[in-house]
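The primary structure of each chain is shown beneath.
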Amino acid sequence: ILLVLASAVMPLSRVTAQREREAELRRALRTMRTAIDDHKDAVDLGLIAGANVGAGSQGYPLNLEALVEGVGVLNDASGEKLRFLRRIPFDPITQSHDWGLRSYQDAPDSIRWSGDNVYDVYSRSDGTALDGTIYSEW
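Residues numbered from 1 in each chain as written. Predicted model: local features only at pLDDT ≥ 70, side-chain atom pairs only at ≥ 80, totals over all residues. Heavy atoms only, no water.

A look at the overall build of the protein
If you tally the helices and strands in the protein, you get 2 helices and 4 strands. Scanning the protein from its N terminus toward the C terminus, one meets helices and strands in the order α-α-β-β-β-β. For the protein, the proportion of its 138 residues judged to be buried stands at 33%. For the protein, long-range pairs separated by at least 24 residues make up 53% of all intrachain contacts whose partners lie at least 6 apart in sequence. Surface accessibility of the protein: about 8,700 Å² in total, with carbon and sulfur atoms responsible for 54%. (Helix = DSSP H or I, 4+ residues; strand = E, 2+ residues; numbered from the N terminus. Buried < 20%, exposed > 50% of the residue type's maximum accessible area, 1.4 Å probe, protein only. Contact = heavy atoms within 4.5 Å. Areas by Shrake-Rupley, 256 points an atom, 1.4 Å probe, with all protein chains shown as cover.)

Some points on unusual backbone geometry
In this structure, Q95 takes a positive phi of about 60° despite not being glycine. Here Q95 shows up in the loop between β2 (81-82) and β3 (100-102).

Considerations on the side chain of S123
Locating S123 in the fold gives a position in the segment after β4 (120-122). Of the polar contacts made by the side chain of S123, one reaches the side chain of D91; its length is 2.7 Å. A distance of 3.2 Å separates a polar atom in the side chain of S123 from the backbone nitrogen of S125. Discounting chain neighbours no more than four positions away, the residues touching S123 are L25, L29, D91, I93, T94, W99, Y135 and S136. (Polar contact = N/O pair within 3.5 Å; in protein donor to acceptor, adjacent residues only side chain to side chain.)

Overview of the environment of E65
Relative to the helices and strands, E65 is located in helix α2 (residues 64-69). A relative accessible area of 39% places E65 in the partly exposed class. Between the C-alpha atom of E65 and that of I88, which follows or precedes it by 23 residues, the distance is 7.5 Å.

A closer look at a nonpolar patch on the surface
On the surface, I1, L2 and L5 cluster together to form a nonpolar patch covering roughly 410 Å² of accessible area. Within the fold, L2 resides in helix α1 (residues 2-44). (Patch = residues over 30% accessible without salt bridge, like charges linked within 9 Å, V, L, I, M, F, W, Y side chains within 5 Å. Salt bridge = Lys/Arg side-chain N within 4 Å of Asp/Glu carboxyl O.)

Describing the packing of aromatic side chains
For any pair of aromatic rings, the description rests on two quantities: the centre-to-centre distance and the angle between the ring planes. Applying the stated criterion across every chain yields a total of 4 aromatic pairs. Geometrically, the ring pair formed by Y60 and Y104 is stacked, given 5.8 Å between the ring centres and 20° between the ring planes. Here the residue Y60 occupies a position in the loop between α1 and α2, and Y104 occupies one in the loop between β3 and β4, the gap between them amounting to 44 residues. For Y60, a relative accessible area of 10% puts it in the buried group. Judged by its relative accessible area of 43%, Y104 falls in the partly exposed class. Chaining the aromatic ring pairs together yields one cluster made of Y60, Y104 and Y119. The ring of W138 carries R26 above its face, with NZ or CZ at 3.9 Å from the centroid. In this arrangement the basic side chain of K40 is found over the ring face of Y60, its NZ or CZ atom lying 5.4 Å from the centre. (Phe/Tyr/Trp six-rings, centres within 6.5 Å; stacked < 30°, edge-to-face > 60°. Lys NZ or Arg CZ within 6 Å of the ring centre and 35° of its normal.)

Quick look at the side chain of K40
Summarising the element assignment, K40 is placed in helix α1. For K40, a relative accessible area of 18% corresponds to the buried category. Polar side-chain contacts of K40 include one of 2.8 Å to the backbone oxygen of Q58. Contact partners of K40, with chain neighbours within four places excluded, come to Q58, G59 and Y60.

Structure representation (structure tokens):
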């Protein structure tokens, strides 16, 4: 009886662990995309000094590190920086901090980052989720 119960629990625990990793991936992607959008909004509102935004960036951050390190605020003598992320989230699927990046100038399905700015992020995993979608397409 114990053997039958144990054999039923193992697949269920794997699915539960996979579901938790997928939920964490969705949270990480949402967090970074929100930070990217907040950076863009700050540029559009004129809060971020032009020296902190690269030419041709359309107001998007130059890299993910800029969201963590922060950027100088226009007309702020205190020297404080506007930060959008505490840290770059961990990808629970690839087990790394290495995210795929797309710039505003890249094609929507591009897997190569031009390096101009960060418009979107995605997981570098080519694995399949429980719902049948591919992680890198999230």
